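# Structural overview for review
Chain by chain, the residues run as shown.
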Amino acid sequence: RKEVEQDPGPFNVPEGATVAFNCTYSNSASQSFFWYRQDCRKEPKLLMSVYSSGNEDGRFTAQLNRASQYISLLIRDSKLSDSATYLCVVNGESNTGKLIFGQGTTLQVKP
Amino acid sequence: DGGITQSPKYLFRKEGQNVTLSCEQNLNHDAMYWYRQDPGQGLRLIYYSQIVNDFQKGDIAEGYSVSREKKESFPLTVTSAQKNPTAFYLCASIRQAHLAFGYTFGSGTRLTVV
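Residues numbered from 1 in each chain as written. Chains lettered and ligands numbered in written order. Predicted model: local features only at pLDDT ≥ 70, side-chain atom pairs only at ≥ 80, totals over all residues. Heavy atoms only, no water.

### Some words on the overall build of chain A
For chain A, the count of helices and strands is 0 helices and 11 strands. Put simply, chain A runs from its N terminus to its C terminus through helices and strands in the order β-β-β-β-β-β-β-β-β-β-β. Compactness check: chain A gives a C-alpha radius of gyration of 14 Å against a globular reference of 13 Å for 111 residues, within 12% of the reference. Across its three principal axes, chain A shows a C-alpha extent of roughly 45 × 30 × 25 Å. Split into buried and exposed, the 111 residues of chain A put 50% on the buried side. Look at the contacts in chain A between residues 6 or more apart in sequence, and 55% of them connect residues 24 or more apart. Charged side chains in chain A number 12 positive and 11 negative. The centres of these two groups are separated by 3 Å. (Helix = DSSP H or I, 4+ residues; strand = E, 2+ residues; numbered from the N terminus. Rg over C-alpha atoms; globule rule 2.2 N^0.38 Å. Buried < 20%, exposed > 50% of the residue type's maximum accessible area, 1.4 Å probe, protein only. Contact = heavy atoms within 4.5 Å. Lys, Arg positive; Asp, Glu negative; His and termini not counted. Charge placed at Lys NZ, Arg CZ, Asp CG, Glu CD.)

Set out below in structure tokens:
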């Protein structure tokens, strides 16, 4: 089983749609969770951290379910500029700063 | 502005040749990491360093070497022993006590074997 698993997609949605990405992780001791965005042939950039209580940043909402070891990202009112690959990221061994990356979910927003 | 600088942006390597990828940061971050990304795949950890003069192997260290002589610098050498080096290489850093903020990445080096 991969340490962090995501549905690779692609997700093709029209502008204005709401889209949800899911991610599962294998290490129940993980404490830090993130969503990164990666544009084609660019480096990943932090989109948002994911907190236990869930958190929202504009059109983006992240949720964490520790019991099910499941993380989600909801994008509302999709824009063309949201087209990218979204990486689910979880911390590795404690005190190493290592992060474990999922393979990413590709989103294509169409006009 | 503070950040991580990777160079070169593109690098071409001949068979049997060693090449070194540069990674420099002026963020005063303690820990630095090298990842490799292949098309359609997630990032895989090659090496990491949490303090100067110390580094550890990641999941795919074979065929690579690193050094950490200065806090700001963490160069990666891709040796001739790495049989499939064509990939996108990403350097990242973090201040040790602030993992909650995630990594800062450099813009990457795209290495191609010719």
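### A look at the overall build of chain B
On a plain count of helices and strands, chain B comes out with 0 helices and 11 strands. Along chain B, helices and strands appear, N-terminal first, in the series β-β-β-β-β-β-β-β-β-β-β. The C-alpha atoms of chain B give a radius of gyration of 13 Å, which matches the 13 Å a tight globule of 114 residues would have. Dimensions of chain B, computed from the C-alpha atoms along their principal axes, are close to 40 × 25 × 25 Å.

### Focus on the sheet that holds strand β7 (residues 64–66) of chain B
Residue and element names in this part refer to chain B. What the 4 strands build is an open sheet, ordered β1-β3-β8-β7; its pairing is antiparallel. Both outer strands of the open sheet, β1 (4–7) and β7, are each paired with one neighbouring strand and no more. Pairs of neighbouring strands in the sheet enclose a mean axial angle of 20 degrees, with direction left out of account. Sheet topology places β7 next to strand β8 (residues 76–78); 3 bridges connect them, and they run antiparallel. Bridge pairing in β8 links tyrosine 64 to valine 78. (Pairing = 2+ DSSP bridges. Axes fitted to C-alpha atoms, helices over the stretch in contact; angles between N-to-C directions.)

### Digging into the environment of B:Pro8
All names here are of chain B. Tracing the chain through its elements places proline 8 in the loop between β1 and β2 (10–13). Under the relative-accessibility criterion, proline 8 is labelled partly exposed at 31%. A sequence separation of 65 residues divides proline 8 from serine 73, and the C-alpha atoms of the two residues are 14 Å apart.

### A word on the pairing of strand β8 (residues 70–75) of chain A
All names here are of chain A. Looking at chain direction, strand β3 (residues 19–25) and β8 are connected through 6 bridges and run antiparallel. When the bridges of β8 are listed, threonine 24 appears paired with tyrosine 70. Sheet topology note: the strand β7 (residues 60–65)/β8 ladder contains 6 bridges and is antiparallel. Its bridge partner lying in β8, threonine 61 is registered against leucine 74. Hairpin connection, β7 to β8: the antiparallel pair is bridged by 4 residues, and glutamine 69 has positive phi, about 55 degrees.

### Notes on the state of the cysteines
Residue and element names in this part refer to chain A. Tallying each qualifying case throughout the model produces 2 disulfides over all chains. With a sulfur-sulfur separation of 2.0 Å, cysteine 23 is cross-linked through a disulfide to cysteine 88. Sign of the S-S torsion, about -75 degrees for the bond between cysteine 23 and cysteine 88, identifies this disulfide as left-handed. Placement of cysteine 23 in strand β3 and of cysteine 88 in strand β9 (residues 84–91) is noted, with a sequence separation of 65 residues between them. (Disulfide = S-S within 2.5 Å.)

### What to know about the pattern of salt bridges
Residues and elements named next belong to chain B. In this structure the tally under the stated criterion is 7 salt bridges over all chains. Of the charged contacts in the structure, one is a salt bridge between lysine 71 and aspartate 30, with a shortest N-O distance of 3.5 Å. Of this pair, lysine 71 sits in the loop between β7 and β8 while aspartate 30 sits in the loop between β3 (19–25) and β4 (31–37); the two residues are 41 residues apart in sequence, bridging distant segments of the chain. Among the residues examined, lysine 71 registers a relative accessible area of 25% and is labelled partly exposed. Between arginine 44 and aspartate 38 there is a salt bridge; the shortest N-O distance is 2.7 Å. Accessibility expressed as a relative area gives 32% for arginine 44, which makes it partly exposed. Connected through salt bridges with shared partners, the residues Arg36, Asp38 and Arg44 form a single ionic network. (Salt bridge = Lys/Arg side-chain N within 4 Å of Asp/Glu carboxyl O.)

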